[in-house]
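Reading the structure
The primary structure of each chain is shown beneath.
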Amino acid sequence: MTETQERSRTFTWADPVAGAAHLGRRSGLDLMRAMIAGELSAPPITNLIDIARMEADEGRVVVELLPQEFHYNPLGTVHGGVLSTLLDTAAGCAVHTTLPVGVGYTSLDLNVKFLRPVTVSSGTLRCEGTVLQRGRRTALAEARLTDPANRLVAHATSTCLLFPLPSHPA
């Protein structure tokens, strides 16, 4: 029997309902920038996977992640679900930055291609999401995940459904 060194991790998050109360009352870009500035709490998923940094402009979002052991799958590499979450976050949030007051979105699909394995030695990953096309009902975005050498690690496209939000969201 092999000995393993046990590790643990603790994290906290703010009440996500409080942040959701701002949906529909601010533009998407304003909401994203308020989260980045710390004026509004980030969603719990950012704490769960330990997203390190975020920036947002109209139609573009960048998120960064330093791979950690707690991201690993049984093969000793970062789990594809973690990478997919980064790609989905960057693509979806890029769409979010284009939304006016009173409009929301949800992902309809996410098509991911994994190109390189990621480990803790990979260094900080950068995921840039950009809107390729936005109409009245749907938006198409892509996300590119790169390593510190600017090599493409994974790529995704996402289609988002756009819809009017109730005037007084929960």
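Up top is the structure these notes are about.
I will try to describe carefully the structure that is included in this document. Keep in mind it's a predicted model, so treat the numbers as computed, not measured.

Rules used in this analysis
Residues numbered from 1 in each chain as written. Predicted model: local features only at pLDDT ≥ 70, side-chain atom pairs only at ≥ 80, totals over all residues. Heavy atoms only, no water. Salt bridge = Lys/Arg side-chain N within 4 Å of Asp/Glu carboxyl O. Helix = DSSP H or I, 4+ residues; strand = E, 2+ residues; numbered from the N terminus. Pairing = 2+ DSSP bridges. Axes fitted to C-alpha atoms, helices over the stretch in contact; angles between N-to-C directions. Expected span 1.5 Å × (residues − 1). Buried < 20%, exposed > 50% of the residue type's maximum accessible area, 1.4 Å probe, protein only. Contact = heavy atoms within 4.5 Å. Patch = residues over 30% accessible without salt bridge, like charges linked within 9 Å, V, L, I, M, F, W, Y side chains within 5 Å. Areas by Shrake-Rupley, 256 points an atom, 1.4 Å probe, with all protein chains shown as cover. Core = buried A, V, L, I, M, F, W, Y, C linked by side-chain atoms within 4.5 Å. Phe/Tyr/Trp six-rings, centres within 6.5 Å; stacked < 30°, edge-to-face > 60°. Lys NZ or Arg CZ within 6 Å of the ring centre and 35° of its normal.

Moving on, we get to the pattern of salt bridges. As enumerated under the stated definition, the model contains ten salt bridges in all. Across the pair Arg53 and Glu64 runs a salt bridge, and its minimum N-O distance is 3.2 Å. Of this pair, Arg53 sits in strand 1 (residues 51-57) while Glu64 sits in strand 2 (residues 60-65), placing them eleven residues apart in sequence. When the shortest N-O distance is used, the salt bridge between Glu128 and Arg60 registers 2.9 Å. Of this pair, Glu128 sits in strand 4 (residues 125-134) while Arg60 sits in strand 2, placing them 68 residues apart in sequence. Here the salt bridges share partners, and the residues they tie into one network are Arg33, Arg53, Glu55, Asp57, Arg60, Glu64, Arg126 and Glu128.

Let's shift gears to the sheet that holds strand 5 (residues 138-146). Taken together, six strands build an open sheet; the order of strands is 1-2-4-5-6-3 and the sheet is antiparallel. Sheet topology places strand 1 and strand 3 (103-114) at the edges, where each strand pairs with a single neighbour. With strand direction ignored, the average angle separating the axes of adjacent strands in the sheet is 20 degrees. Here six bridges tie strand 1 to strand 2, and the two strands are oriented antiparallel to one another.

Attention shifts here to helix 4 (residues 80-96). For helix 4, with 17 residues, the first-to-last C-alpha span of 24 Å sits near the 24 Å given by 1.5 Å per residue. With respect to burial, helix 4 is a largely interior element, 13 of its 17 residues being buried.

What follows covers the pairing of strand 6 (residues 152-164). The pairing of strand 3 with strand 6 spans eleven bridges and is classified as antiparallel. Pairing of Asn111 across the sheet is with Thr157, part of strand 6. In this structure, strand 5 lies alongside strand 6, joined through nine bridges in antiparallel fashion. Paired with Glu142 across the strands is Thr157, a residue of strand 6.

Turning to the side chain of His96, a few remarks are in order. Looking at where His96 falls in the secondary structure, it is placed in helix 4. Residues within four places of His96 in sequence aside, it is in contact with Leu23, Gly28, Leu29, Leu31, Met32 and Tyr105.

Let us now look at a nonpolar patch on the surface. Residues Phe11, Trp13, Ile45 and Leu48 make up a contiguous nonpolar surface patch of roughly 370 Å² in combined accessible area. Inspection of the secondary structure assignment puts Ile45 in helix 3 (residues 44-49).

As a further point, take the environment of Ala37. Within the element layout of this structure, Ala37 appears in helix 2 (residues 28-37). The spatial distance from the C-alpha of Ala37 to the C-alpha of Leu86 is 20 Å, given a sequence separation of 49 residues.

Bringing the nonpolar core into the picture now. One broad trend across soluble globular proteins is that nonpolar side chains are buried collectively. In terms of nonpolar packing, the biggest core is built from 36 residues, with Val63, Leu87, Cys127 and Leu145 touching the most fellow members. Elements with a contribution of two residues or more to this core: helix 2, strand 1, strand 2, helix 4, strand 4, strand 5 and strand 6. With eight residues, helix 4 is the largest single contributor of residues to this core. Beyond its immediate stretch of four places on either side in the chain, Val63 contacts Ile51, Arg53, Met54, Leu86, Thr89, Ala90, Leu125, Arg126 and Cys127.

Further remarks concern the packing of aromatic side chains. The geometry of two aromatic rings is summed up by the distance between their centres and the angle between their planes. One pass over the structure, following the stated rule, counts one aromatic pair. The interplanar angle of 40 degrees and the centroid separation of 5.6 Å between the aromatic rings of Phe11 and Trp13 together place this pair among those described as tilted. A cation sits over an aromatic face here: Arg9 above Phe70, 3.8 Å from the ring centre.

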